[in-house]
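Results of the structural survey
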Amino acid sequence: MAAGKLSATSRFPVVNSTAGQLADEPSPPLQVSEEMRSMTGTSKFLNRREIVGAAGGGLAAVTAVPATAQTKASTGSPMTDPTTKYPKPPFKKQPQPWPGLASKMDPRPDHGETSYKGSGRLTGRKALITGGDSGMGRAAAIAYAREGADVAINYHPDEEPDAREVIALINAEGRIGLAIPGDLRDEAFCEQLVAEAVKGLGGLDIIVNNAGRQQAHASILDISTEQFDWTMKTNIYAPFWIIKAALPHLKPGSSIIGTTSEQAYDPTPDLYDYAQTKAATMNYVKSLAKQLGPKGIRVNGVAPGPIWTPLQVSGGASMEKLEKFGGMTPLGRPGQPAELASIYVQLAAEDASFATGQVYGSAGGSGQP
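Being a predicted model, the structure only gives us computed values, none of them experimental.

The next thing to look at is the overall build of the chain. When helices and strands are tallied, the chain shows 12 helices and 11 strands. Among the 369 residues that make up the chain, the fraction classed as buried is 46%. In the chain, once contacts between residues fewer than 6 apart in sequence are set aside, the share between residues at least 24 apart is 72%. Summed over its atoms, the accessible surface of the chain is roughly 17900 Å², and 56% of this surface lies on carbon and sulfur atoms.

Take the packing of helix α5 (residues 135-146) against helix α6 (residues 160-172) next. Between α5 and α6, the shortest axis-to-axis distance is 9 Å and the interhelical angle comes to 15 degrees. Taken as axis vectors, α5 and α6 run roughly parallel relative to one another. The element α5 and its partner α6 pack so that their crossing is right-handed. Contact residues: R138, A141, I142, A145 and R146 in α5; D162, E165, V166, L169 and I170 in α6.

In the contact formed by α5 and helix α12 (residues 341-348), the axes pass within 8 Å of each other and the chain directions differ by 60 degrees. The angle between α5 and α12 falls in the class oblique. Like other packed secondary-structure pairs, α5 and α12 cross with a definite hand, here right-handed. Where α5 approaches α12, its residues M136, A139, A140, A143 and Y144 are matched on the opposing element by A341, Y344, V345 and A348. Looking at the contact of α5 with α12 residue by residue, the class counts come to nine nonpolar, no polar and no charged.

What follows concerns the pattern of salt bridges. For the structure on display, the rule yields 13 salt bridges. In this structure, the salt-bridge partner of E173 is R146, at a minimum N-O distance of 3.3 Å. Here E173 is found in the loop between α6 and β7 (177-181), whereas its partner R146 is found in helix α5, with 27 residues between them in sequence. The partly exposed category is assigned to E173, whose relative accessible area is 35%. Given the relative accessible area of 15%, R146 is considered buried. One salt-bridge network, held together by shared partners, links R108, E113, R138 and E165.

What describes a pair of aromatic rings is the distance from one ring centre to the other and the angle between the planes of the rings. Enumeration according to the criterion identifies four aromatic pairs in this entry. Where F91 meets W308, the ring centres are 4.4 Å apart and the plane angle is 25 degrees; that geometry is what we call stacked. Here W308 lies in the loop between β10 (298-304) and α10 (310-316) and F91 lies in the loop between α4 (67-74) and β5 (126-130), a separation of 217 residues in the sequence. You'll find F91 and W308 in the same group, each marked buried. With a centroid separation of 6.2 Å and an interplanar angle of 45 degrees, the aromatic rings of W308 and F325 are classed as tilted. One end of the pair, W308, is in the loop between β10 and α10; the other, F325, is in the loop between α11 (319-323) and α12, with 17 residues separating them in the sequence. With relative accessibility at 0%, the residue W308 sits in the buried group.

Moving on, we get to the confidence of the model for the chain. Low pLDDT marks regions whose predicted coordinates should not be analysed in detail. Here the chain averages 86 in pLDDT, and 79% of its residues register 70 or above. A low-confidence stretch, residues 1-30 (pLDDT under 50), is modelled with 46 contacts involving residues beyond four sequence positions or located in other chains. When the criterion is pLDDT under 50, residues 35-74 qualifies, and its contacts beyond four places in sequence or with other chains add up to 43 contacts.

All right, on to the layout of surface pockets then. Estimated volume of the largest pocket: approximately 900 Å³. Residue lining of the largest pocket: 48 residues in total, with Q214, Y274, T309, L311 and Q312 positioned closest to the centre. Put simply, the parts of the chain that give the lining of the largest pocket at least two residues each are α5, β6 (150-155), α8 (225-246), α9 (272-292) and α10. With four residues, α10 is the largest single contributor of residues to the lining of the largest pocket. Residue composition of the lining of the largest pocket, grouped by class: 17 nonpolar, 22 polar and nine charged.

Before going further, it helps to spend a moment on the environment of R298. Here R298 is to be found in strand β10. Here R298 falls in the buried class, since its relative accessible area comes to 9%. Through-space distance from the C-alpha of R298 to that of L347 is 8.6 Å; in sequence the pair is 49 residues apart. Apart from residues lying up to four places away in sequence, R298 is in contact with S254, S255, I256, L347, A348, A349, A352, S353, A355 and T356. Of the polar contacts made by the side chain of R298, one reaches the backbone oxygen of A352; its length is 3.0 Å.

What counts and what doesn't
- Residues numbered from 1 in each chain as written.
- Predicted model: local features only at pLDDT ≥ 70, side-chain atom pairs only at ≥ 80, totals over all residues.
- Heavy atoms only, no water.
- Helix = DSSP H or I, 4+ residues; strand = E, 2+ residues; numbered from the N terminus.
- Buried < 20%, exposed > 50% of the residue type's maximum accessible area, 1.4 Å probe, protein only.
- Contact = heavy atoms within 4.5 Å.
- Areas by Shrake-Rupley, 256 points an atom, 1.4 Å probe, with all protein chains shown as cover.
- Axes fitted to C-alpha atoms, helices over the stretch in contact; angles between N-to-C directions.
- Parallel < 35°, antiparallel > 145°, perpendicular 65-115°, else oblique.
- Left-handed = near helix turned anticlockwise from the far one by under 90°.
- Nonpolar A, V, L, I, M, F, W, Y, C, P; charged D, E, K, R; others polar.
- Salt bridge = Lys/Arg side-chain N within 4 Å of Asp/Glu carboxyl O.
- Phe/Tyr/Trp six-rings, centres within 6.5 Å; stacked < 30°, edge-to-face > 60°.
- pLDDT = per-residue confidence, 0-100.
- 1 Å grid on protein atoms, 1.4 Å probe; cavity = no way out; pocket = protein on both sides within 12 Å on 5 of 7 lines; lining within 4 Å.
- Points joined across faces, edges and corners; volume = space filled by probe spheres on them.
- Polar contact = N/O pair within 3.5 Å; in protein donor to acceptor, adjacent residues only side chain to side chain.

What follows is the structure, encoded as C-alpha cells:
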C-alpha cells in the first residue's frame, strides 16, 4: 500500500514503529473514555479525520481541560513550612512505664485524627495492623479506614485506652474496627490473632507488622538475656509467626508491610538489640518480596527516623535524649506519625503494584532509603 493511503478496512493509517512506515494491517478506531468524552464533547470513537484534526491543533480537542476542572484542581491544602509544622525540641522530661500511652504524652502525637482525608484508595480491603493503638500503626489504621478499609488492630492489653480511641475513629468512618489485644511473644496468640482477624473482617489482604519493643541501654552489659529475648520475640519472631499464619489467606494483590527503622543501617550505640531487629526486618522485606513476588503478593517496608511516639517516653530513649529528640535532623524536629500515614497507604494501594522489596524512608532529611 502506498504511504498515506488507507486500506478499505482501516479508518486511519497505522505506522510501523520499527520502520517508520505506514503498515497495511487494519486498525480499530481509537476509543475515548467516558470522562474524556464528557470533558471534550467527543464521540465514543475517534475516526481518522478527528485524530488528524486533533493532531493539527496540538491535540487540544482531546487534552483540553475545562476552566472549572482547572480551578477545582488548583484548590487544595495550603503549603506549610515542614520545619515549623510540628513541635520542636526542647521537650519536657516525661517518663512513662512501658509500654506508654500516646494520650498521656506532651505534646500529644498527631496520628492524623483530624487531618487525614481519604479518597477511597483502599475501598473493600481488610487490614491487620500490629501496634495499632499508637505511633505509625495508629496513623496507618486511621488512614486505612478513611481510605475505605476494614481494620483489625493488635496491641498490648496495657494500651487499651489508646486502642479504644482508634477503634472509635475507625467506626466513625463506617468501617469495621476490630480490637485484638494480646502478647505477640506467644506463638499461639499470633496464630489466634490472624484467625480472629480473618473471621472478624471476612478475610485479609493487608498485613502491617508494626509493633516493636525499644529499650535504650548505654552498654550491652546492661541488657539481660530476658530483655534481649523480649525484644527479639516482639520484633522478629512475631512477624514471622503472623506472616506464616496469614499467608494461606492472602490472595494475589495482597500486601505485607514491615516497619523497620533508620536504626537498621545507622544504629545508635544505646539501641544495640533494637537496631539488630530492624536490620532483620529490612532483610526479611527484601527476601520475602522475592519469594512471594511470583504469587502476586507484595512485601515492602517503612523506615522511620525519629518519630514522636510512646516508644520514646517509655524507655526507648533517655530523658536527656528525649529533651533534644529530633533536633539533629535537617528539619530540626521529630516527625509525627501522621506524616507517615500516606506511605503505608501507598504501599498497600493497587496503584503501587510494581513496588515490592522496597523500603520507603521518612526521617526528616537523615537516613538512607
